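Architecture and fold: a report
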Amino acid sequence: MSVLHVPSSAAAAAAAAARGRLPDFFIVGHGKCGTTALYRMLLSHPQVHMPVKEPRFFAPDRRTRYWRPPSSRRKHPHTLDGYLALFNAAGAEQRIGEATPTYLRSELAAANIAAVKPDARIIAILREPASLLRSVHLQAVRNYDETQKDFRQAMALEAGRREGKRIPRLSQFPAVLLYSELVRYVEQLRRYHAVFPREQVLVLIYDDFRADNEATVRQVLRFIDVDDTLPVPTVELESLRTPRYVLLDQAMRALSILRRTSAGRSLSRGFAALTPDSVRESQVLAERWRSLRYTDPPPPDEQFMLELRRRFKPEVEAVSDYLGRDLVTLWGYDSID
């Protein structure tokens, strides 16, 4: 297992902080629970500084297994000095925030964060397990981490994949394919409560965020101790779409990676110089392009979703007891035998 070398004592943590400002709060996950929307809404607040999403610094057990271009590596540093440099532009009165949705699942992130920032505020978002795992599977297929498009069959591959079998060749994050491990909510929260006081850990529920974005964001603003009376921008929670044409999508992803290299940036600038502004900036054309590239995912297999809810009901009951909130009823598990 990867280990991140961070200070292990209060004195060492203070020494690390003296080299630069560490984040005051962390959005630790889960992905597909509105973390991106929350990040975007906080980003507009003048008292908040969140320059980059998903640096993944404190979760070395959740990093990509493949090469990344230099521009990407600057946003995903492997050294403390590189990490601290991400936040150099923060104003003295601003709260620094960091959002890496894999931190909640990581076995290392909680202790690593606490080692250098014991007074950090932690924000986690939980979602009904079956719908979360379906969304994660769709995202994994879209990212080419997963090649098995059938959700039921993908879940059935977990046992072999724990032994390193049936891992897609292009999968950058094979750990994401162990879907059921994502919803070990009590175990994950306990890792944070073991190193942070409960008053420093805010657990949000995805349903609340969907029902009232603004109220949830104001709750977060109070939690991180900034002005919660300023206007809150409206951000739609994104619904995941799937590639319509796999080869086209793969070509566009390859182009995106190429653009991060110096040669690719030169080609992009040359193309932009030859393209009229009206074409490059047209929202209509951009929307048409997205509709060509993506389509809505297939409807869920309701029988399999019911099977998953039966399987994960004990976890929902456990996290309900742990948090002191009736998620069994909220998520509809009270009617499941």
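Here we summarise the structure given alongside this text. Treat the numbers as computed from the prediction; the structure is a model and nothing was measured. (Residues numbered from 1 in each chain as written. Predicted model: local features only at pLDDT ≥ 70, side-chain atom pairs only at ≥ 80, totals over all residues. Heavy atoms only, no water.)

1. Digging into the overall build of the protein
In terms of regular secondary structure, the protein is built from 17 helices and 7 strands. Intrachain contacts of the protein at a sequence separation of at least 6 include 76% that bridge at least 24 residues. Looking at the protein as shown, the accessible area adds up to about 17,300 Å², and 53% of this sits on carbon and sulfur atoms. (Helix = DSSP H or I, 4+ residues; strand = E, 2+ residues; numbered from the N terminus. Contact = heavy atoms within 4.5 Å. Areas by Shrake-Rupley, 256 points an atom, 1.4 Å probe, with all protein chains shown as cover.)

2. Looking at the sheet that holds strand β5 (residues 201-205)
Backbone-to-backbone hydrogen bonds pair the strands of a sheet. The strands run either parallel or antiparallel. Across the sheet, 5 strands lie side by side as β2-β3-β1-β4-β5; this open sheet has parallel pairing. Pairing within the sheet leaves two strands with one partner each, and these edge strands are β2 (48-49) and β5. Of the strands in this sheet, β1 (25-29), β2, β3 (95-99), β4 (121-126) and β5 touch helix α2 (residues 35-43), which is tilted by about 160° from β1. The strands touched by helix α9 (residues 185-193) are β1, β4 and β5; relative to β4, the strand with the most contacts, the crossing angle is about 175°. (Pairing = 2+ DSSP bridges. Axes fitted to C-alpha atoms, helices over the stretch in contact; angles between N-to-C directions.)

3. Section: the environment of V328
Positionally, V328 belongs in helix α17 (residues 327-330). Sequence spacing of V328 and E128 is 200 residues, and the spatial spacing of their C-alpha atoms is 9.4 Å. Excluding its chain neighbours within four sequence positions, the residues that come into contact with V328 are V316, E317, S320, Y333 and D334.

4. Digging into the environment of G164
Here G164 shows up in the loop between α8 (158-162) and α9. Judged by its relative accessible area of 52%, G164 falls in the exposed class. When the C-alpha positions of G164 and P174 are compared, they lie 8.8 Å apart, and in sequence the two are 10 residues distant. (Buried < 20%, exposed > 50% of the residue type's maximum accessible area, 1.4 Å probe, protein only.)

5. Description of the environment of V195
Locating V195 in the fold gives a position in the loop between α9 and β5. On the basis of relative accessibility, which here comes to 34%, the residue V195 falls in the partly exposed class. The residues contacting V195, other than those within four sequence positions of it, are A110, A111 and A114.

6. As for the nonpolar core
Judged by nonpolar contacts, the single largest core of 81 residues is most densely connected at L38, L42, Y103 and Y192. In terms of residues, this core owes the most to one element, helix α16 (residues 302-323), which gives 7 residues. Leave out the neighbours within four places in its chain, and L38 touches I27, I123, I125, L204, F209, V217 and V220. (Core = buried A, V, L, I, M, F, W, Y, C linked by side-chain atoms within 4.5 Å.)

7. Quick word on the packing of aromatic side chains
In this structure the tally under the stated criterion is 10 aromatic pairs. Ring geometry for Y192 versus F196: centroids 6.4 Å apart, planes at 15°, classification stacked. Of the two residues, Y192 and F196, both sit in the buried class. Here the guanidinium or amino end of R121 rests over the ring plane of F223, the centre of that ring lying 5.4 Å away. (Phe/Tyr/Trp six-rings, centres within 6.5 Å; stacked < 30°, edge-to-face > 60°. Lys NZ or Arg CZ within 6 Å of the ring centre and 35° of its normal.)

8. Side note on the pairing of β1
Counting buried residues in β1 gives 5 out of 5 residues, a clear majority hidden from the surface. In this structure, β1 lies alongside β4, joined through 4 bridges in parallel fashion. Residue pairing in the sheet places I27 in a bridge with I123 of β4.

9. Considerations on the pattern of salt bridges
A full pass over the atoms with the stated rule returns 20 salt bridges. Here K53 and E54 are joined by a salt bridge, their closest N and O atoms 2.8 Å apart. For E54, a relative accessible area of 23% corresponds to the partly exposed category. The shortest N-O distance in the salt bridge between R105 and E181 comes to 4.0 Å. Of the two residues, R105 sits in the loop between β3 and α5 (109-116) while E181 sits in the loop between α8 and α9, which places them 76 residues apart along the sequence. (Salt bridge = Lys/Arg side-chain N within 4 Å of Asp/Glu carboxyl O.)

10. Some words on helix α6 (residues 129-142)
In this model α6 runs 20 Å from its N-terminal to its C-terminal C-alpha over 14 residues, within 8% of the 20 Å that 1.5 Å per residue would give. For α6, the buried fraction is high: 13 of the 14 residues fall into the buried class. Structurally, the start of α6 carries an N-cap: the backbone nitrogen of A130 is 2.8 Å from a side-chain oxygen of E128. Two residues or fewer after α6 comes Y144, characterised by a positive phi angle close to 65°. (Expected span 1.5 Å × (residues − 1). Polar contact = N/O pair within 3.5 Å; in protein donor to acceptor, adjacent residues only side chain to side chain.)

11. Observations regarding the packing of α6 against α16
Viewed as axis vectors pointing N to C, α6 and α16 meet at an angle of 120°, and their least axial separation amounts to 8 Å. By the angle class used here, α6 and α16 are oblique. Judged by residue contacts, P129, A130, S131, L133 and R134 of α6 engage M305, L308, R309, F312 and V316 from α16. Considering only residue class, the contact of α6 with α16 consists of 7 nonpolar, 1 polar and 2 charged. (Parallel < 35°, antiparallel > 145°, perpendicular 65-115°, else oblique. Nonpolar A, V, L, I, M, F, W, Y, C, P; charged D, E, K, R; others polar.)

12. Digging into unusual backbone geometry
Geometrically, the link from G29 to H30 is a cis peptide bond, its omega value of 0° lying close to zero. Unlike most non-glycine residues, D225 shows phi in positive territory, near 65°. Mapped onto the fold, D225 is located in the loop between α11 (213-223) and β6 (242-243). Note on D225: relative accessible area 54%, which makes it exposed.

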